[in-house]
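# Fold and geometry: a report
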Amino acid sequence: MTTYSTNEFKNGLKILLDSDPCAIIENEFVKPGKGQAFNRVRIRNLKTGRVVERTFKSGDTVEGADVVDVEMQYLYNDGEFWYFMSPETFEQLPADKNAVGEAAKWIKEQSLCLITLWNGVPLSVEPPNMMNLKVAETDPGVRGDTSGGGGKPATLETGAVVRVPLFINIGDTIKVNTQTGEYISRAKE
Amino acid sequence: MNAPAGGTTQWRPGASLADLRLRARLLQQTRAFFAARDVLEVETPLLCHAGAADAQLAQFDVRPAADETLYLQTSPEYAMKRLLAAGSGSIYQLCKAFRAHEKGALHNPEFTLVEWYRTGFTLQELIGETCALIEDLIRRPLLAMQIVRYQDVFRKTLDIDPFTATDAALAAVARHHDETASALSLDRDGWLDFLFSMHVAPCFPQDRLTVVRDYPPSQAVWARIEESGAARFEAYLGPIELANGFEEAVSHADYVARFGEEQRKRRARNLPAIAPDERLLAALAHGKFPECAGVALGFDRVVMLAAGARCLDEVISFTIDRI
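Residues numbered from 1 in each chain as written. Chains lettered and ligands numbered in written order. Predicted model: local features only at pLDDT ≥ 70, side-chain atom pairs only at ≥ 80, totals over all residues. Heavy atoms only, no water.

## Section: the overall build of chain B
Stated precisely, the cut-off is as follows: For the purposes of this entry, the term helix denotes a DSSP run of H or I that reaches at least four residues, the term strand denotes a run of E that reaches at least two, and both are numbered from the N terminus. The buried label applies to any residue whose accessible area, calculated with a 1.4 Å probe on protein chains only, is under 20% of its type's maximum; exposed applies above 50%, and partly exposed to all values in between. Whether two residues are in contact is decided by their heavy atoms: any pair within 4.5 Å suffices. All accessibility values rest on the Shrake-Rupley procedure with a 1.4 Å probe; residue burial counts only the protein chains present in the view.
Across its full length, chain B holds 9 helices and 12 strands. Projected onto its principal axes, the C-alpha positions of chain B cover 50 × 50 × 45 Å. Counting the 323 residues in chain B, one finds 52% classified as buried. Of the contacts made within chain B by residues no fewer than 6 positions apart, 68% connect residues no fewer than 24 positions apart. For chain B, the exposed surface amounts to about 14,900 Å²; the carbon and sulfur share of it is 54%.

Right under this line is the structure:
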């Protein structure tokens, strides 16, 4: 078990707070010249995403959280778990619905995802920033309209719904930004 | 240990050349201020045999040999008091002081202090001189300074009396005003420090010097204790603490008692024991320690405020992250 003193606090440090894994996002040192020193810290809970503020007495120690980010390839979903594989060790890991979260509607087989592991168990899944995905359902395309103005909703093969230009047809492959959910361009197969 | 990071950018100084020039001017101006008042400039060693007693201070130790430990001073106080006991009269010093682990926008483990002692001065006289020096160095118009009593400003801001409230009441007020305190467990002075530094001082008016005086006796440090509280003051510009001054306790017995008190606190907090500075005690017992008042001013913070900067890294050539 790793412990950290407040003297080692810095942005990005992963610690356990109320038994949840958290990341320090801001650390302010406060000390009256002749008095007790404090660390006033902003912390993101990596399970819930919530940000809280805590004050520690300087010199106090907290338990470190064994949190690492690894790249893994998405394999398949068995209805309960999403399975990922390390391209280096071929080790496979199941991630539950909480961990996969929003990523579920963007990823397809072989997508290389950033998985945050806590004690070896997936805590969150980050899809690739850009994905090329096939349009599964949308209103028929309007020939000749390449203006991109207006647009219409399209459901992609992975389940995400994005706004696309009117000329896009079912079966087209498009490039989307998974962070913003925005259509970028038409893509080659 | 960690190798220095950021090899391509961290070689550069944090301070701009303009601010390094400002620092140089303010150093000259400080010396001129004391020369005009006939206060003697002294230098005392940065290395000491005995560490600072204060349980709140962590020091750097230096081990030139396996059986020898020296400390880098946390302030020049003990050595300067020995000079006073030897009959120096009023003295000042511009020097480096070192406090381990103190690192942040307003802290650097190695920093520059102006510390001075005025024989025959009352606390009130020293407050006046401290504010005159700060105003001289800041070089822009400030609102008229205000002097407040610790008890009054605490009560006005938080509606609780810091002298008479129970420890539990102080903790309850802290938790009520500040949810970040939920998991904190502190002793009485810890709660006073928490409330004062995070909820009282931040309310001090901008562009005005606020002097706080008459501290609770448990926060006296080396001040003479009077009926109204400890004869200690702190000077703030806006919410930022700049100076800490005392009408000094003068008797050998006072110092023995307070060394003992800090040792007790260190034991209670599992901190390394620090032997009392026997040469300071000998100076108090055998020398002629004068009635005097002394103050330490954080020079780097003054430069920061004079430069209109927001953190020390902007006015120090190389802070700890750049060495």
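Alright, that's what it looks like, and here's the rest.
## Overview of the packing of helix H1 (residues 17–36) of chain B against helix H3 (residues 123–138) of chain B
Residues and elements named next belong to chain B. Heads up, the rule is: Axis lines are fitted to C-alpha atoms, over the contacting stretch for helices. Their N-to-C directions set the angle, which ranges from 0 to 180 degrees. Crossings are classed by handedness, with left-handed meaning an anticlockwise turn of the near helix from the far one by less than a right angle and right-handed meaning a clockwise turn. Think of it as three bins: nonpolar holds Ala, Val, Leu, Ile, Met, Phe, Trp, Tyr, Cys and Pro, charged holds Asp, Glu, Lys and Arg, and polar takes everything else, Gly as well.
One way to put it is that H1 packs onto H3 with a least axis distance of 10 Å and a crossing angle of 145°. Note on packing geometry: the crossing formed by H1 with H3 is right-handed. Residue-level contacts link Leu26, Gln29, Thr30, Phe33 and Phe34 of H1 to Glu129, Ala132, Leu133, Asp136 and Leu137 of H3. Counted by class, the contact of H1 with H3 contains 6 nonpolar, 2 polar and 2 charged residues.

## Examining helix H6 (residues 188–200) of chain B
Counting buried residues in H6 of chain B gives 12 out of 13 residues, a clear majority hidden from the surface. Taken residue by residue, H6 of chain B has Asp189, Gly190, Trp191, Leu192, Asp193, Phe194, Leu195, Phe196, Ser197, Met198, His199 and Val200 of chain B as its buried positions.

## As for the sheet that holds strand S12 (residues 130–138) of chain A
Residue and element names in this part refer to chain A. How we decide: DSSP calls a pair of strands paired once it identifies at least 2 bridges connecting them.
Read across the open sheet, the 5 strands follow the order S14-S13-S12-S15-S16; overall the sheet is antiparallel. At either end of the open sheet lies a strand with only one pairing partner, and these are strand S14 (161–164) and strand S16 (182–186). Across the sheet, the axes of successive neighbouring strands diverge by a mean angle of 50°, strand direction being ignored. Relative to strand S15 (residues 173–177), S12 is paired through 5 bridges, and the arrangement is antiparallel. Each bridged residue has a counterpart across the sheet, and for Asn132 the counterpart in S15 is Lys175.

## Some words on the sheet that holds strand S4 (residues 38–45) of chain A
Residues and elements named next belong to chain A. Strands sit in the order S2-S3-S4-S5 across an open sheet of 4 strands; the sheet is antiparallel. Strand pairing shows two members of the sheet lacking a second neighbour, strand S2 (14–17) and strand S5 (51–57), which therefore form its edges. The sheet shows a mean angle of 45° between the axes of neighbouring strands, direction not considered. For S4 and S5, the ladder comprises 7 bridges, and the chain directions are antiparallel. By the bridge assignment, Ile43 is partnered in S5 with Val52.

## Side note on the nonpolar core
Within soluble globular proteins, side chains that are nonpolar tend to cluster in buried spots. Residues and elements named next belong to chain B. What counts is decided by this rule: Working definition of a nonpolar core: buried Ala, Val, Leu, Ile, Met, Phe, Trp, Tyr and Cys residues. They are joined through side-chain atoms within 4.5 Å.
Counting residues in each nonpolar core, the largest one holds 53 residues, and the members touching the most others are Phe154, Trp191, Phe194 and Phe196. Of all the secondary-structure elements, those providing two or more residues to this core are helix H2 (77–85), helix H4 (150–158), helix H5 (167–177), H6, strand S8 (208–215), strand S10 (229–237), helix H7 (252–268) and helix H8 (278–286). Of all the elements, H6 adds the most residues to this core, at 7 residues. Sequence-distant contacts of Phe196, that is, excluding residues within four places in its chain, are made with Tyr150, Val153, Phe154, Ala201, Pro202, Phe204, Val212 and Tyr236. By size, the runner-up hydrophobic cluster in this structure holds 40 residues, among which are Leu237, Ile240, Ala293 and Val315.

## Quick notes on the interface of chain B and chain A
In plain terms, the rule: Buried surface area refers to the total accessible area, computed with a probe of radius 1.4 Å, that the two partners give up upon joining, counted for both partners together. The term polar contact refers here to a pair of N or O atoms within 3.5 Å; inside protein, the definition further demands a hydrogen-donor-capable atom paired with an acceptor-capable atom, and it admits residues adjacent in sequence only when both atoms are side-chain atoms.
Tallying the contact residues gives 28 residues for chain B and 16 residues for chain A. Contact with chain A buries surface across chain B, with Gln56, Thr180 and Met198 of chain B losing the most and accounting together for 26% of the total. Viewed at the interface, chain A and chain B are joined by 7 residue pairs in polar contact (both at pLDDT 80 or more). Those elements that place two or more of their residues in the side of chain B that touches chain A are H6 and strand S11 (240–247) of chain B. The element that contributes the greatest number of residues to the side of chain B that touches chain A is H6 of chain B, accounting for 5 residues. Partitioning the side of chain B that touches chain A into residue classes produces 8 nonpolar, 10 polar and 10 charged.

## Considerations on a nonpolar patch on the surface
As a reminder of what qualifies: Here, patches come from residues exposed beyond 30% relative accessible area and free of salt bridges, joined within 9 Å for like charges and within 5 Å for nonpolar side chains (Val, Leu, Ile, Met, Phe, Trp, Tyr). When a carboxyl oxygen of Asp or Glu is within 4 Å of a side-chain nitrogen of Lys or Arg, the pair counts as a salt bridge.
A cluster of nonpolar residues, Phe318, Ile320 and Ile323 of chain B, forms a patch on the protein surface that exposes about 280 Å² of accessible area. For Phe318 of chain B, a relative accessible area of 38% puts it in the partly exposed group.

## Observations regarding the environment of Pro21 of chain A
Within the secondary structure layout, Pro21 of chain A lies in strand S3 (residues 20–30). Separated by 26 residues in the primary sequence, Pro21 of chain A and Lys47 of chain A place their C-alpha atoms 6.9 Å from one another.

## Section: unusual backbone geometry
When glycine is set aside, most residues are seen to have a negative phi, and most peptide bonds are trans. Within the chain, Phe90 of chain A stands out as a residue other than glycine whose phi angle is a positive 65°. Secondary-structure assignment places Phe90 of chain A in the loop between strand S8 (82–85) and strand S9 (92–95).

## Let's talk about the packing of aromatic side chains
Selection rule: Whether two aromatic rings pair depends on their centres lying within 6.5 Å, for rings of Phe, Tyr and Trp, where Trp uses its six-membered ring; planes under 30 degrees apart make the pair stacked, over 60 edge-to-face, and the rest tilted. Our definition puts a charge over a ring when NZ of Lys or CZ of Arg is within 6 Å of the ring centre and also within 35 degrees of the ring normal.
Going through the model one piece at a time under the given rule, you end up with 20 aromatic pairs over all chains. Aromatic pair Phe38 of chain A and Phe194 of chain B: ring centres 5.5 Å apart, planes at 85°, arrangement edge-to-face. On the criterion of chain membership, the pair formed by Phe38 of chain A in strand S4 and Phe194 of chain B in helix H6 is interchain, its members lying in two chains. Relative to Phe204 of chain B, the ring of Phe196 of chain B has its centre 6.2 Å away and its plane inclined at 70°; by these criteria the two rings are edge-to-face. Since its relative accessible area comes to 6%, Phe196 of chain B is described here as buried. When its relative accessible area of 6% is taken as the criterion, Phe204 of chain B is described as buried. Linked through ring pairs, Tyr150, Phe154, Phe196, Phe204, Tyr215 and Tyr236 of chain B together constitute an aromatic cluster. Cation over ring: Arg37 of chain B sits above Phe33 of chain B, and NZ or CZ is 3.7 Å from the ring centre. Directly above the ring of Tyr215 of chain B sits Arg232 of chain B, whose terminal nitrogen or CZ lies 4.2 Å from the centroid.

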